[in-house]
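Okay, here's what each chain looks like letter by letter:
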Amino acid sequence: MNGSVAGGGFSEEVISLTRRPSGLGFNIVGGTDQQYVSNDNSIYVSRIKKDGAAYLDGRLQEGDKILAVNGRDLKDLRHKDAVELFRNAGCDVSLKIQRRLQPQNGPVGYRGDGEPGGLPLAAILVPGLALAAAAVWILLRYRQRM
């Protein structure tokens, strides 16, 4: 990805899209009045529409935070104001986005955000339930022989 790495495991990138007759080809969520992430007024990409401009370009991803449109900061905008900004952005649109970096390698159970991931709950429950079922079966068989 062409972009710079920002602090905290994020990267930033500028993506240029050309509006198609159907629009830019993605939906957004967030804003001061409709927070998508708790305590965060940012605007995020919620869906990439198949065969839309963003889909065909291939760089924008669901979950990307959109920091600016054509150089205009999206910080502290209401959702409807952000939508209006996108609608009036013109034919050639420049998006400055931020994306959380995914860890490439790491120890098992490491999530990449500084916190250990631990074991999935199923890895503990499934063997435990199998042992319990086996114990009940053995107990029932033992009681039948008495």
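Above this note sits the structure.
These figures come from a predicted structure and were not determined experimentally.

(A) The layout of surface pockets, seen in detail. The calculated volume of the largest pocket comes to roughly 290 Å³. Residue lining of the largest pocket: 13 residues in total, with Phe 26, Asn 27, Val 83, Phe 86 and Arg 87 positioned closest to the centre. Only strand E3 (26-30) and helix H2 (79-87) provide two or more residues apiece to the lining of the largest pocket. Of the residues forming the lining of the largest pocket, the biggest block, 4 residues, is contributed by H2. When the residues that make up the lining of the largest pocket are grouped by side-chain class, the tally is 5 nonpolar, 5 polar and 3 charged.

(B) Spatial organisation of the pattern of salt bridges. All chains considered together, the criterion is met by 6 salt bridges. Where Glu 13 meets Arg 99, a salt bridge forms, and the shortest distance between an N and an O atom there is 3.9 Å. Note that Glu 13 is positioned in strand E2 (residues 10-18) and Arg 99 in strand E7 (residues 92-100), a separation of 86 residues in sequence. Overall, the relative accessible area of 7% leaves Glu 13 in the buried class. Classification of Arg 99 as buried rests on a relative accessible area of 9%. A salt bridge links Asp 64 to Arg 99, with the shortest nitrogen-to-oxygen separation between them at 2.6 Å. In this pair, Asp 64 is assigned in the loop between helix H1 (53-57) and strand E5 (65-69) and Arg 99 in strand E7, connecting sequence segments 35 residues apart. A relative accessible area of 2% means that Asp 64 is categorised as buried. Connected through salt bridges with shared partners, the residues Glu 13, Asp 64 and Arg 99 form a single ionic network.

(C) Fine view of the packing of aromatic side chains. On inspection of all chains with the given rule, the structure shows 2 aromatic pairs. Taken together, a centroid distance of 5.6 Å and an interplanar angle of 90° make the contact between Phe 26 and Phe 86 edge-to-face. Within this pair, whereas Phe 26 is found in strand E3, its partner Phe 86 is found in helix H2, the two being separated by 60 residues in sequence. The pair formed by Phe 26 and Phe 86 is uniform in burial state, with each residue classed as buried. Between Tyr 36 and Tyr 44 the ring centres are 5.5 Å apart and the planes differ by 45°, which places this aromatic pair in the tilted class. We classify Tyr 44 as buried; its relative accessible area is 9%.

Reading the values: rules and limits
Residues numbered from 1 in each chain as written. Predicted model: local features only at pLDDT ≥ 70, side-chain atom pairs only at ≥ 80, totals over all residues. Heavy atoms only, no water. 1 Å grid on protein atoms, 1.4 Å probe; cavity = no way out; pocket = protein on both sides within 12 Å on 5 of 7 lines; lining within 4 Å. Points joined across faces, edges and corners; volume = space filled by probe spheres on them. Helix = DSSP H or I, 4+ residues; strand = E, 2+ residues; numbered from the N terminus. Nonpolar A, V, L, I, M, F, W, Y, C, P; charged D, E, K, R; others polar. Salt bridge = Lys/Arg side-chain N within 4 Å of Asp/Glu carboxyl O. Buried < 20%, exposed > 50% of the residue type's maximum accessible area, 1.4 Å probe, protein only. Phe/Tyr/Trp six-rings, centres within 6.5 Å; stacked < 30°, edge-to-face > 60°.

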